[in-house]
Amino acid sequence: ATHAECCNKHFSWQKSGFCFSQMANPPTQAPTVTATEAGTLTVFYPVYGEGEGFCANDPPTDHGLSSLNGIVTSATNAECCTKHFSWQKSAFCFSQMANPPTQAPTVTATEAGTLTVFYPVYG
């Protein structure tokens, strides 16, 4: 079992998420906004017609739009992808984020121990 599976199985009752927080790369509910992702707008909007579609916060003219009038915007990139592109089986919209949310964390060498399974530690 993975670290995440162990946390889900034995510590799903934890409201604090402490078990998950002990992972080298804990899963996130929303990506971290970085300087490379930040645009000039404080809202995100859907961009249709360019591949599978994605959300942006750069000037709408970059995508052939004259304004955002009549377009439903969102406070975060993740919220925009969920609202406008939840139908995407490929999760393309989320994949375009600088730090996309993960369903399971990445295991790194610093997290890996000598065992191939994780087990609960109560105490």
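Residues numbered from 1 in each chain as written. Predicted model: local features only at pLDDT ≥ 70, side-chain atom pairs only at ≥ 80, totals over all residues. Heavy atoms only, no water.

(A) Up close: the overall build of the chain. A count of helices and strands for the chain gives 4 helices and 2 strands. Overall, the chain shows an N-to-C arrangement of helices and strands of α-α-β-β-α-α. Burial status across the chain gives 28% buried among its 123 residues. Looking at the chain alone, contacts between residues at least 24 apart form 57% of all its contacts between residues at least 6 apart. For the chain, the exposed area adds up to about 8200 Å²; of that, 57% sits on carbon and sulfur atoms. (Helix = DSSP H or I, 4+ residues; strand = E, 2+ residues; numbered from the N terminus. Buried < 20%, exposed > 50% of the residue type's maximum accessible area, 1.4 Å probe, protein only. Contact = heavy atoms within 4.5 Å. Areas by Shrake-Rupley, 256 points an atom, 1.4 Å probe, with all protein chains shown as cover.)

(B) Structural view of the environment of proline 100. Inspection of the secondary structure assignment puts proline 100 in the segment after helix H4 (92–95). A relative accessible area of 35% means that proline 100 is categorised as partly exposed. Put simply, proline 100 and asparagine 77 are 23 residues apart on the chain and 9.5 Å apart in space, counted from C-alpha to C-alpha.

(C) Quick peek at the packing of aromatic side chains. For the coordinates displayed, the defined rule picks out 4 aromatic pairs. Between the aromatic rings of phenylalanine 11 and tryptophan 13, the centroid separation amounts to 6.1 Å while the plane-to-plane angle is 50°, which identifies the pairing as tilted. We classify phenylalanine 11 as buried; its relative accessible area is 10%. A relative accessible area of 59% means that tryptophan 13 is categorised as exposed. Seen from their ring centres, phenylalanine 11 and tyrosine 122 are 5.4 Å apart, and the 45° between their planes marks the pair as tilted. (Phe/Tyr/Trp six-rings, centres within 6.5 Å; stacked < 30°, edge-to-face > 60°.)

(D) Broad picture of the state of the cysteines. Under the criterion given, the structure shown has 2 disulfides. There is a disulfide in this structure between cysteine 55 and cysteine 80, and the S-S distance comes to 2.1 Å. Residues cysteine 55 and cysteine 80 are joined through a disulfide that is left-handed, its torsion about the S-S bond being -85°. Highlighted residues: cysteine 55 in strand E2 (residues 54–56) and cysteine 80 in helix H3 (residues 77–85), separated in sequence by 25 residues. (Disulfide = S-S within 2.5 Å.)

(E) Seen up close, the environment of valine 121. Tracing the backbone through its elements, the reader meets valine 121 in the segment after H4. Among the residues examined, valine 121 registers a relative accessible area of 61% and is labelled exposed. Note: C-alpha distance between valine 121 and cysteine 19 (102 residues apart in sequence) is 9.7 Å.

(F) A look at helix H1 (residues 3–11). Along H1, the positions that sit buried rather than exposed are His3, Ala4, Cys6, Cys7 and Phe11. The buried side chains of H1 occupy one side of the element, clustering within an arc of 160° when seen end-on. Packed against the buried residues of H1 are helix H2 (18–21). (Arc of directions from axis to C-beta.)

The values are spatial; any link to function lies outside them.
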